[in-house]
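# Examining the three-dimensional arrangement
Here are the chains, one letter per residue:
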Amino acid sequence: MRRYRFGRIAALVAVAYVAGVGVVVSADWITVAGVVVPVEPPHLMELGPWARWAPLPVAVLQGWALWQVLRGPVLGGAARAGWPGGAAGWLRVALYVSVAHTLLPHLWPPDDAEWPIWTGALVRLAVVGLYVPVLAASLPRWVRLSTFVAGIAAVAADLGYGPADTPIWLLWAIAVLVGQARDPRWSRGTVWTGAIFAAAWLLRPTSFAIRFPRELDPGLLFEVAVVALGALGAVWEARSAHELTRPAETEPRRAGAPPRMAEARSRSAGARPGAVRRPSFPLPLAMVAVALPLIPAAVNLAHGVPRAIGPGGAVADLLRISDRASLAWYALDLLLGVGAPALLVLAAVAWHTRAAVRATASTLLGCAALVAVSALTLPPARLGGTGPDLAPGPDPAALPPLWHAAALTAAALLLLALQSGSPRRHTLLAATAAALALCFLPAADLAPGKVTTAEDCARAPRTSERAYLCAIRVNATLHVAAGTPDHVLLARGRRLCAVHTRQDPAELARLRFEEGVDPEGLPWVIDDICPSAHAAVVAAETAEEVEYEQSQAEEQRKCDAAPRHRPLITPAKAVRVKEPQWPDGSLSLFEAVGDSFDPLSQGVFSKALANGLVAGGRGHLVILTHSDAHACVTLETYARRPPVETGSWEHVVEVGYDSPTGDLRLRDDLSGIVLPDLSLRGRPGHYRVRVHFAWLPWNGGRYGTQRLLVMAYPGDGDDVRTYRAPAP
């Protein structure tokens, strides 16, 4: 068992920290959450009632990080080499200072926020500069210089002297991790800790993080996990400093293997220990492996779709928590969509070493798994089709994502099978062929069949099964993949008919949540092939017609009960509109002027809003109504000015109107209303229009229906006269 210089003290501190959090969290978990969990407590409460215990796993991670930081280097063995001198010693000091600078501001927040930024920048510059000579034996000079430039640029960006929030720091971190992986002084655990921290930095949430509106928020959980992994940054720096006590030329990675630094030097001299070349791959099979990822990509690109997966899926939903993660996922989607994995396969075929083949195969299988998970977790509304068509692609003309997953899997298996000397070669080749057959060939009962097109539906009448199919093809009553055979759609329709006939609540609930089909709208989808659904549709339509007729009869009774207007002088004509009208917010009068003048440019509607009832101008008049109630309308035209009446009305306003054609027909194009002509025997010219408005109570209600009386007579003047305004 390994012993560390300050191992016991570090363990006590870590245990005390975790225990303290566990004790306090039961009393005041909001305060603890604000300190331990790197998410605002109000957001943390969105996780639901169990959010109280969310700080505990984060505290355990932080306690482990404290132990890693405080325990010091290993005692005995390689650690007895003592304190290294030169650049390695100064790098160790700089790393310890960087760790302290990371932890101390969290324990004792400074009053001045400026000095930690500048001191932290100086420490990071020292770390960046000292890594250059320390990694001299494990990285080429041009890589170290590029890393040095990237590190300085990252520090400058943090200080505001460059584009902020860019992944340039990641370039420096990756190069350092590669150098540490090739240097025997650093263990694999240290390298993996740095790699996980770099990945968490890439995926860390931003201010544009998307929230999921449900109690158990996976996006928020992902945010907590990713930001909590930021503690691994201090662990990486501390372990890197601890392990710099190891001698530079010993500590081989495994027994019997040459030291990596010596191997790196031998590579620079032309030798390649450990990189045992295999005989060349059979050219035809190698080209098949290269071509497999290109086949689905070529089909998609031919249809103008450069993506393999498209929007949706569990992976994309999870990575929406971070802009960087979403961008990385989009980039991966594009790379897969244009066939970039074929370049990896080509490199593995050209290099044909065991390590290259295994790394490429692992990458291909990982990408295939991501594609398959995304394809199989698409929203139910996008499901349909057969075989790989169960997960339609980003465009109806594109191949489904599962074809990309199958191609990547086949290429990986073929690469593994092509390693000469492997006793499993023939087995892997057979597995590859079987996988291709299973992935690309439909089952016997789901064989391709006839597909009714929209053109077929236009040429022949739609009855029974054909009507059901045409409704899906033309009106998209069911969301299915393009090219789904007719017999599959009919089988699904009959299954839905059986579900509708049984009316099992649990079965209908599964239909909604698993297939995205609304049980209430289901009868209108399958009524052409389902007797029970047809009966439900007929009953619903009959009930709707009865309800509409009853409503219209009720509105007619309201207008019949409205008091008739008795003019004080005899009008030239008077029309009491028999049917109730239902304008959509206004009645308007619009006449073409015939010249370059635009009646709409007068702002008549805005003027009507100003007095709340009516406004007019040249060729345009607007009367405002309430869109939620019917209106009982009376129209009267006079040869001279009628007396003003306000007794039974709530709002009376008179305006001027200039008629260029003498056709004064109020209308509402949205509702299809056209009222009789208000003009005096078709006379063009200037009119005065007086509008009376009142509510007619009904069944004890204040707002039963609207009453409108519109008077028009020849007269000059465009002034607005309000004879009665509604009570405030």
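So, a few notes on the structure that sits alongside this text. (Residues numbered from 1 in each chain as written. Predicted model: local features only at pLDDT ≥ 70, side-chain atom pairs only at ≥ 80, totals over all residues. Heavy atoms only, no water.)

The strand order across the open sheet built from six strands is E1-E5-E10-E9-E6-E11, with neighbouring strands paired in mixed fashion. The open sheet is flanked by strand E1 (573–576) and strand E11 (721–724), the only strands paired with a single partner. Taking each pair of neighbouring strands and ignoring which way they run, the sheet shows an average axis angle of 20°. Here seven bridges tie strand E5 (residues 631–637) to strand E10 (residues 701–714), and the two strands are oriented parallel to one another. When the sheet's bridge partners are listed, alanine 631 is paired in E10 with glutamine 706. (Pairing = 2+ DSSP bridges. Helix = DSSP H or I, 4+ residues; strand = E, 2+ residues; numbered from the N terminus. Axes fitted to C-alpha atoms, helices over the stretch in contact; angles between N-to-C directions.)

With that out of the way, let us pick up the state of the cysteines. Here the structure, examined in full by the defined rule, presents three disulfides. The partner cysteine of cysteine 497 in its disulfide is cysteine 530, sulfur to sulfur 2.1 Å. Here the S-S torsion is close to 75°, and the disulfide linking cysteine 497 with cysteine 530 is therefore right-handed. Taken together, the residues span a long stretch of sequence, with cysteine 497 in helix H23 (residues 486–502) and cysteine 530 in the loop between helix H25 (522–526) and helix H26 (531–561) at a distance of 33 residues. Across this residue pair, the class does not change: cysteine 497 and cysteine 530 are buried. For the protein, the disulfide bridges join cysteines in the arrangement 1-2, 3-4, 5-6, where the cysteines are counted in sequence order. (Disulfide = S-S within 2.5 Å. Buried < 20%, exposed > 50% of the residue type's maximum accessible area, 1.4 Å probe, protein only.)

It is at 8 Å that the axes of helix H18 (residues 354–376) and helix H19 (residues 401–417) come closest, and there the two elements cross at 160°. If you check the angle between H18 and H19, you find them roughly antiparallel. When you trace H18 past H19, the crossing you get is left-handed. Touching Val357, Thr360, Ala361, Leu364, Leu365, Cys367, Ala368, Val371, Ala372, Ala375 and Leu376 of H18 are Pro401, Leu402, His404, Ala405, Leu408, Thr409, Ala411, Ala412, Leu415 and Leu416, all from H19. Split into classes, the residues belonging to the contact of H18 with H19 amount to 18 nonpolar, three polar and no charged. (Parallel < 35°, antiparallel > 145°, perpendicular 65-115°, else oblique. Left-handed = near helix turned anticlockwise from the far one by under 90°. Contact = heavy atoms within 4.5 Å. Nonpolar A, V, L, I, M, F, W, Y, C, P; charged D, E, K, R; others polar.)

All we've got here are geometric facts, nothing functional implied.
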